[in-house]
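Tertiary structure, described
What follows is each chain in one-letter form.
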Protein chains: 2
Amino acid sequence: MTRVTAGEALAGYLNGQAAELLRSLRLHDENAGSADTAAEATEAIRVLRRAARRINGTLHTFRPLLDADWAERFSAELGWLSGLLAREYAYAARLSRLLAALHRLSAPADGHGSGQDSGIGAARAGALLERQLTLSRTRAHSAALRALGSARFHAVADGVAVLASEAPVDAKAAERPASAVMRPLAELAHRCLIESVDALPLGPGALAHTLAAAEERHTTEGGHDTAWHQVRRLVRLVRYAQEALGAAGGDSTALVLASHHLNRHRDAAGAAAAAAAAGRTPRIAPATAYALGVLHADQRHEVEAARLAFCRIWHPRGEAAHG
Amino acid sequence: MTRVTAGEALAGYLNGQAAELLRSLRLHDENAGSADTAAEATEAIRVLRRAARRINGTLHTFRPLLDADWAERFSAELGWLSGLLAREYAYAARLSRLLAALHRLSAPADGHGSGQDSGIGAARAGALLERQLTLSRTRAHSAALRALGSARFHAVADGVAVLASEAPVDAKAAERPASAVMRPLAELAHRCLIESVDALPLGPGALAHTLAAAEERHTTEGGHDTAWHQVRRLVRLVRYAQEALGAAGGDSTALVLASHHLNRHRDAAGAAAAAAAAGRTPRIAPATAYALGVLHADQRHEVEAARLAFCRIWHPRGEAAHG
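Residues numbered from 1 in each chain as written. Chains lettered and ligands numbered in written order. Predicted model: local features only at pLDDT ≥ 70, side-chain atom pairs only at ≥ 80, totals over all residues. Heavy atoms only, no water.

It is worth spelling out the packing of aromatic side chains at this point. In the structure shown here, the tally under the stated rule is 6 aromatic pairs over all chains. Ring centres of tryptophan 70 of chain A and phenylalanine 74 of chain A lie 5.4 Å apart, and the angle between their planes is 15°; on these two criteria the pair is classed as stacked. Of this pair, tryptophan 70 of chain A and phenylalanine 74 of chain A both sit in helix 3 (residues 68–106), 4 residues apart, which is roughly one turn of that helix. Under the relative-accessibility criterion, phenylalanine 74 of chain A is labelled buried at 8%. Relative to phenylalanine 310 of chain B, the ring of tryptophan 228 of chain B has its centre 5.6 Å away and its plane inclined at 80°; by these criteria the two rings are edge-to-face. One end of the pair, tryptophan 228 of chain B, is in helix 10 (residues 220–244); the other, phenylalanine 310 of chain B, is in helix 12 (residues 286–314), and 82 residues separate them in sequence. By relative accessible area, which is 3% here, tryptophan 228 of chain B ends up buried. Overall, phenylalanine 310 of chain B belongs to the buried group, its relative accessible area being 1%. (Phe/Tyr/Trp six-rings, centres within 6.5 Å; stacked < 30°, edge-to-face > 60°. Helix = DSSP H or I, 4+ residues; strand = E, 2+ residues; numbered from the N terminus. Buried < 20%, exposed > 50% of the residue type's maximum accessible area, 1.4 Å probe, protein only.)

What follows is about the confidence of the model for chain A. Residue and element names in this part refer to chain A. Mean pLDDT over chain A stands at 88; residues scoring 70 or higher make up 86%. Mean pLDDT per element in chain A: helix 9 (residues 210–216) is the minimum at 63, and helix 8 (residues 183–198) is the maximum at 96. Contacts for the low-pLDDT stretch residues 111–118, under 50 throughout, to residues beyond four places or in other chains number 6 contacts. Taken together, the stretch residues 319–323 has pLDDT below 50 and engages in 9 contacts with residues farther than four places along the chain or on a different chain. Our summary of model confidence lists the complex with pTM equal to 0.83 and ipTM equal to 0.78. (pLDDT = per-residue confidence, 0-100. Contact = heavy atoms within 4.5 Å.)

Moving on, we come to the environment of histidine 141 of chain A. Note that histidine 141 of chain A resides in helix 4 (residues 120–148). Sequence spacing of histidine 141 of chain A and proline 64 of chain A is 77 residues, and the spatial spacing of their C-alpha atoms is 36 Å.

Residue and element names in this part refer to chain A. Running from N to C, helix 2 (residues 38–61) and helix 3 point in directions that differ by 150°, and their axes come no closer than 9 Å. Classed by the angle they form, the pair helix 2 and helix 3 counts as roughly antiparallel. The crossing of helix 2 and helix 3 is left-handed. For the pair helix 2 and helix 3, contact is made by Ile45, Leu48, Arg49, Ala52, Ile55, Asn56 and Leu59 and by Trp70, Ala71, Phe74, Ser75, Leu78, Gly79, Leu81, Ser82, Leu85, Ala86 and Tyr89, respectively. A per-class count over the contact of helix 2 with helix 3 returns 13 nonpolar, 4 polar and 1 charged. (Axes fitted to C-alpha atoms, helices over the stretch in contact; angles between N-to-C directions. Parallel < 35°, antiparallel > 145°, perpendicular 65-115°, else oblique. Left-handed = near helix turned anticlockwise from the far one by under 90°. Nonpolar A, V, L, I, M, F, W, Y, C, P; charged D, E, K, R; others polar.)

Turning our eyes to something else, we now look at helix 5 (residues 151–165) of chain B. All names here are of chain B. Compared with an ideal rise of 1.5 Å per residue, which puts 15 residues at 21 Å, helix 5 spans 22 Å between its outermost C-alpha atoms and is within 8% of the ideal. When we look at burial in helix 5, the residues that qualify are Phe153, Val156, Ala157, Val160 and Leu163. In a view along the axis of helix 5, the buried residues occupy a sector of 115°, so they form one face of it. Those residues of helix 5 that are exposed and angled more than 90 degrees off the buried face are Ala151, Asp158 and Ser165. Among the structural elements, helix 1 (6–31), helix 2 (38–61), helix 3 (68–106) and helix 4 (120–148) are those in contact with the buried residues of helix 5. (Expected span 1.5 Å × (residues − 1). Arc of directions from axis to C-beta.)

So this is what it looks like as structure tokens:
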């Protein structure tokens, strides 16, 4: 590790991720527009977003070693692109999650029985969510297509193409060992993560404030979630910094697991909010509203379960469990 | 222990509980009918039920040592009395539990704010539950008062008065040591409990089938609950058998804790069913139905939490956790 220079490690990582982004962009362009290859196009977007997140995280953590102005501008543009491409996928995933939960909640428990009489509220709630989330998804899809044809996007793609061959690493830092100049920055990111986890608000127990959240939109249900979402982003930064350092051992399995639970947390929180939003639809039948209430509570329960799972990984010896 | 005869232990325990029952009945009669002493009357009924449960459990576990025909008849009458007196209390407790949960669920999470705009659904759900459960409670109260004036009740009270001075213990068994004739029966009760716990259905996870249960009334949500309620009764039988044997050490703390969680389980399951029943009220507003759905899910979550807590006591070393 001491023999690798910061220039080699940092530029190497950025070059690799930029090449991956360009490759997935090409794959997307080849496969988009045909129903036969829609799955390939979707997968290409997933890989593209994965590379964009890594570039963005690297620009953030190792900014002192890079051209700061360029890094800031490029990071903002990459964030715009990732956010735009994430939305369509997020609505689709949210709908699947909610329909699966409704299925689980309304399945007749004896394992047989047609269940035709049961689940009228669940069926209507499912149809309502499908309508609402499909509409959002379609809009996100159109917005993403428009963006991929825009001058702004082409500027980002050009920037990535440059990054695939050269990265603007500070000349003096580039000569020094990666362990001397990159590791302290990776450790700083790790310290930020630890502090954010320590500052996580202790939840008042599963489902508290659920109804206030359902009716008010702006509540600490969402407020607490935000602190957790921030931890999710910080875990990623630490993982990407470790990758850039080529140090993917030790902690990293725990970090991957932590990321998994924090993603689950984010998905469940989003799904709970979508169920609550659907519950505010005017003139729905009481049975539909009832099912959406159960669904909201179910997803908030998932939020709590994900927090608990994260805490078990974070405090494996049972010290000071959160939630 | 070997020096105590079965007659002394068994008759002594039954005499003591019968005397307690008569004392609480007298206290109830002295305090009922006046608003000033309503709390004393309620407390007297609680003590009365406590003694009735112990007598009933003892008649069940140690039936081979008693006049079997008498024990069966008397047990049925005591069961009738306990059930009747329990109902009023159960409705009151269920209402408090549900209103407390609604309060927790709809409290604005930021700790201040009047919350006047929020919680309209929660407020209406609370009012609906209050109406429905207060009506049930009032009916149960009237039924209990009628029963306490009935010839059937006076026959039970006469039976208890006899039991307070003499218990029909089999003459041969009465001479033998309690450890020889009572302990095997207590161990049999304990074995029954262990088998019932081992046979508990593994839950498909919190909240599964909640919506089916809300709309169908007869489902495995209730079906699984029944097996757990049975375990609750068996834990009690074992505790009372230990009390009768004068052996209240060792396991008994764990059994008291287990009882606590199983009571919590029963209360939460009853509250969830009441929320679901209220959710089926015709012509309620969607916001009310939504709040009742959240409340139902919240109480099913409590059911799961109580099961988990029971399992942690039952399998303290983490072997084969249920749920």
